[in-house]
Amino acid sequence: MSDMKCAVVCVDDDPYILQMLGFQLSKIMDQSHTLIEYFTDPRQALENIDLLIDERIDVMFVMVDYQMPKMTGAELIRKLKEKHQYLKCIMLSGQANRSSVDSLKEENLLEEFIEKPWDEDELFDTLRPLITSRT
Amino acid sequence: MKTNTKSHNFGFRLNFSEMKKVFLVLIFSSPIILFGQDFSKQVQHEIDSLNEVIAKNNIADTALANIYLGLSGLLYVQNIDTMIPLCNKVIEIAENSLDKNPDSLEKIAMLNHYSGALNNIAYVYMTRGEIEQCIDYLQKSLKIYEETGNKAEIATAVNNIGYIFQQQGNSLKALDYYKRSLEIEKEFGDKLDIGTSLLNIASLYEEINQPDRALDYYQSSLHYLQASGNQYKIAAVKLSIGDLILNQGNEMLALTYFFNALKINREIDAKDNISNCLITLGEYHLSKNNLDSAEIYTQNSLNLRRDLDFKDGIAISAITLAKVMLKKDQLRAAKNYALESLSVAQDLGYPRNIKVAAEILAEIYEKENNSIDALRMMKLFIQMKDSVNIEEARKSLQLQESKYQYETKKKEDDLQHDLEIAVKDEKIRSKQSVTNLLIILLSFVALSLIVIIVRSIKINRLKQKLIEKNEENEELVANLESTVEERTLTLKDSFALIEEKEKNYSDLLDKSSEMIQMLDPEGNITYVNQAWLDNMKFDKPDEVLGKPIVDFFNQKTLKEFALVMPKLMQGELVEELECQFISKETTEIVLKGRARPIIKNGSYAGSQAFFFNITEVLRAKREMDQMTSFKQIMLNITTEYINAPISEIDNVINTSLLEISKFSSADRAYVFKYNFEEEICSITHEWVGEGIPSQLEELKAMPFSKVPHSLKKHTKGEFVEFPDVSKIKDKRIFNVLNEEGTQSMISIPMMHNEKAIGFIGFDLMKIKRAFTADEKNLLWIYSQMLVNVFNRIAFIEELQTTKNELAEINLSLEKKVFENTKKNMDLSRSIMEQEKLVTIGEISAGIAHDLNTPLGTIRVGADNINFILNSLFNGAICDFTKDELSHILNHVEKNRIEMYVGGLQMRKEKSEMLEYLNASLSGKIPSALNEVCDLLVKCRFSPSQEEEISMILSKPFAKEYLQIMNQLQMAMAQLETIRKSSDKAVGVVQDMRAFIKGENILEQKMINLRDNISTVLGVFNYEISLHVNLVFEVDSSIAFMGYDIKLFQLWSNIVKNGLEAMSDQEDRYLGIFAERKDKQLKVVFENNGPKIPDEIAGSIFKKFYTTKAKKSGSGLGLSIVKNVLKEHNADIIVESNETLTKFIITFEI
């Protein structure tokens, strides 16, 4: 398993979004070196990210949906950044949550913001720099 | 009329602001125009600084004059009385200074101050209405300016004079001055001043009703003003132009001007003009009948004007608002506004507004049926109209018209009023009449009973007496018998003595009170005693002696005599003999006694009889019996009258006439009614015996002149009685009665309230007889009974009429109630619609998200499928046979996989698979083992599926085979995602539809409580799923009859209310529980929002109550809740404390 050096993590309470996202990510990720992890429960995501980092796998970025039950994406990002200051976070969200997204950005807690629904090219444009910078 | 008022408002408004400007411009060389809330602050500041300067010594006269002038211009706002003293001071300083021949510069300055002071004094005179003084000062001021040659000031002064003339109503002169001013301004070239002058001319043209010219001038004024950049005036002109254009009918353009003006005014915060724009818009909407908009605009303008204390404006806004409210049928509000407007207008002495206010108030009072105040207002209205209108003819015409209207209205009102009173009286009277009737009838029954009891006591007494007398008689007879026997014995014993004492004996007989008679064997009378003669009304014995006794017998006695005689002749005594003799006066006398034969020498020698006259006793007894049965009849009749229904009364009367007639031997009985208006009496009921002709037809309308005697007696309450017609002395009466064959008659008046309303009469044709006092008493009672019966009929008829009227009133009331109910229903329906729209607005963000997410997913899915198809057809698909492909497809169909398996998991599975493959293949390792293994994991094969795996691996293109399988699996998963997402989107739309869906058809149906509430939660899904800890514990078996849409509204209002209440807190909890017990269903909505204060909890369900005025909501929500609950026979309780707020709804099901 030593060949697995990197990982990306997707968190969304909607499994179908994860499915879509996963498919799209698989198009631009070299899966021989990169793990793509999916979580519908933010708490599970928190635990597993810790696990990955413990395994010294480089988590390239975390894509988080804003609107989730139990914990919002903003809360999740705050918690992640508390522990892993350099973790790159990308927020997926509808227009409605623009204000809390903005406040996250102002606090430098957010690398990118992708508006739902997203365009594939746009998604790739946003993600590519984050990927290439690693490999 | 409306346009007049409006254009007047306009003229006034402009003039108002113009006037200020005019004088302020004059007072300060650099104009300061003060508006808005900073006004007083600025003024105060100015005043303070000026006072400061005055306090310093040694300042130049010019400066001092300038300061005083400035102060006068500032202080007049607070106290106009300061103006003249201050200006006089300026004049004093100026005159002193001018006397000293100052240098030219100072002279000009002084002259300017001098004329400024004159101008300001003129202003004071203007406000006091002393126009001549005002013009005088203005002219003086103008003269000085002309002296100094200051064209700008000349123009202003000329303008001001024009303004005064305009105020005076002298439009032509005003126009003259304005145009002069304009000419000078043009020379001078100040765009603002030219614009202002043009504006003044325009407003004047508008005032004198030349809108086209006014518009031209306004337009050119606008041109200059725009060049000058004075936004305040630009806005004012735009408003005026808009108003004129509106009158020309170009609404859209007019509105553009209005909004433009409003925008400018808002920008420069010119509150007075904002209020002008608002009222114009308000009036526009009022004219279009957009009452809600009209109310908002007018209300805002009124509020603004109240803040500004702009009295004229307040009067206008308030009256416009009153008109709006009147149209909205909110009389109370309309009245309050109209009264406010009236009082302000009266304070100001503003006749046009007083007039309008009075008109509106009159209408309101009329609607309130307050005709006194309506009249007062109408008078005020007319008065004001008088002062407003100059044309005399028109004035009087309108006066006439409104008078006529008022009178008509008044008449209607009076009529209505009378009718109401009448109906009320009628109700009372009918009640009373029934009560009276009952009392009368009861008292009559009591009276009859008393009479009957008294009578029967009397009868009993008489009976007692009779028995006593009988006993006495019998005793007497017995005594007498014994005496006679004794004497007979004595006679027998001492025959000699008999001879001797015969004379004594006959004396004794003579003096006996018993009637004694003696007959010879042939039946001729040989002796009668004095008592016999007395009873038989004879004077002397000679009249009867020797006559056969049978001559005195009646027929019956004659027959009996034939039986009695043989007994006597055989020497028997005949006891208990009853017979009837006919007296000298041919009256029958009933006798009771006994007879005995006289035997001489053994042979029959005649008879002797002893009688008592019992005629009177019998007659009394008979009369008593008769009275008893008469009373019985009367009692029966009375009972029948009381019991009989009104339709049967005529029959009862006829029957009673028959019974009374039969009893009193009458052959005809009748009831007449008097009609005093037409002076006739008419027969209403009649009974006739056999063979007696009916008079029912011919006596239907008998003039009073034919019955003067009866009428006279009856009106006095007396009976008319003729016991013997043959003895009537009045020929006329005699002839009438005799002709009919009447022998005796009696008629009894029917008295009501001491007035004869008719009479009852009885004619006797076959016999003659007088009615006894007792009979007459009973007949009197009978007549009164009939009176009561007739009254009862009349009352019942009246009652029926009243009932019908009431029913009619009720019907119309019901109709009104129905109409109002319908109106209310429509209203509440539209309110519900509105509330629904508000709710939709509030939750639209959530809806947008709920729609956006699945739609986005669908899109991405489509892209992905596109990608997959591309790679599929560019890949190795063509290398496989149809069988192989269908096998792949079959596998994919059967093994749906999840696409989002994490990398860690995949890694784990792959190592397991690799292990398995290495073991099972034992050396026959395919070329690309790693890739194949990867694909097997991706296709979600597990090592347990040995058979399938070995089948695939046996293929020459195992890798490509797995690739195609994986791609197809992915495509399937994407399709599934698209399907689920579109379901989700459809679900959102359906929830919305359920919420919006029309509810005109409201039918109760079985409601599943959980489903119904779930739909609501679906609508609020966005907010709830995101922020709220929801506990939803409602048993899915609970169902009851209800209106689903309304219940939907109910839940959504409560949920919405709860969500809004919790919107400011982090931790949000919403609990929904239901519990069913017997026939009660309890639904609880609880949240951890802030406590509802006790004083609010009480009014929370009132209409339009809202604590979230600034946030959202019309305050209708919880009142809708209340209505829905009412329709479901349910109750709601609010329990609120610091930790929980509970809405507990209880349904009776």
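This structure is a prediction, so every number in the text was calculated from the model and none was measured.

Counted according to the given criterion, the structure contains 37 salt bridges over all chains. Between Lys328(B) and Glu295(B) there is a salt bridge, with the nearest N and O atoms lying 2.4 Å from each other. With Lys328(B) in the loop between helix H15 (311–327) and helix H16 (331–348) and Glu295(B) in helix H14 (residues 291–308), this residue pair connects regions lying 33 residues apart in the sequence. Look at Glu295(B) and you get partly exposed, because its relative accessible area is 21%. Among the ionic pairs, Glu721(B) bridges to Lys776(B), the shortest N-O distance being 2.7 Å. Pair noted here: Glu721(B) is in strand S9 (residues 720–722) and Lys776(B) is in helix H27 (residues 773–874), with a separation of 55 residues, a long-range link. The class for Glu721(B) is partly exposed, based on a relative accessible area of 26%. Several salt bridges share partner residues, and in doing so they unite Asp119(A), Arg859(B) and Asp863(B) into one network.

Let us look at empty space enclosed by the protein. Residues and elements named next belong to chain B. Going through the model one piece at a time under the given rule, you end up with 9 cavities of 30 Å³ or more. Lining the largest cavity are 17 residues; nearest its centre among them are Phe553, Phe561, Val564, Leu577 and Phe611. Taken together, the elements giving at least two residues each to the lining of the largest cavity come down to strand S1 (515–519), helix H22 (555–569), strand S3 (574–582) and strand S5 (603–613). Here the lining of the largest cavity takes 5 residues from H22, the largest share from any one element. Its residues placed into classes, the lining of the largest cavity shows 11 nonpolar, 4 polar and 2 charged.

This part takes up a negative patch on the surface. All names here are of chain B. Where like charges cluster on the molecular surface, the negative patch consists of Glu468, Glu471, Glu472, Glu474, Glu475, Glu575, Glu576 and Glu578. Looking at the negative patch, the elements that each hand over two or more residues are helix H19 (392–493) and S3. At 5 residues, the largest contribution of residues to the negative patch is made by H19. Tracing the backbone through its elements, the reader meets glutamate 474 in helix H19.

What follows concerns the confidence of the model for chain B. Residues and elements named next belong to chain B. Mean pLDDT for chain B: 79, with 85% of residues reaching 70 or above. Within chain B, no element has a lower average pLDDT than helix H1 (residues 2–27), which sits at 30, and none a higher one than strand S16 (residues 1080–1087), at 92. Counting interchain partners and residues more than four positions distant, the pLDDT-below-50 stretch residues 1–39 has 86 contacts. Across residues 390–396, where pLDDT falls below 50, the model places 3 contacts with residues more than four positions away in sequence or in other chains.

Rules used throughout
Residues numbered from 1 in each chain as written. Chains lettered and ligands numbered in written order. Predicted model: local features only at pLDDT ≥ 70, side-chain atom pairs only at ≥ 80, totals over all residues. Heavy atoms only, no water. Salt bridge = Lys/Arg side-chain N within 4 Å of Asp/Glu carboxyl O. Helix = DSSP H or I, 4+ residues; strand = E, 2+ residues; numbered from the N terminus. Buried < 20%, exposed > 50% of the residue type's maximum accessible area, 1.4 Å probe, protein only. 1 Å grid on protein atoms, 1.4 Å probe; cavity = no way out; pocket = protein on both sides within 12 Å on 5 of 7 lines; lining within 4 Å. Points joined across faces, edges and corners; volume = space filled by probe spheres on them. Nonpolar A, V, L, I, M, F, W, Y, C, P; charged D, E, K, R; others polar. Patch = residues over 30% accessible without salt bridge, like charges linked within 9 Å, V, L, I, M, F, W, Y side chains within 5 Å. Areas by Shrake-Rupley, 256 points an atom, 1.4 Å probe, with all protein chains shown as cover. Lys, Arg positive; Asp, Glu negative; His and termini not counted. Charge placed at Lys NZ, Arg CZ, Asp CG, Glu CD. pLDDT = per-residue confidence, 0-100. Contact = heavy atoms within 4.5 Å.

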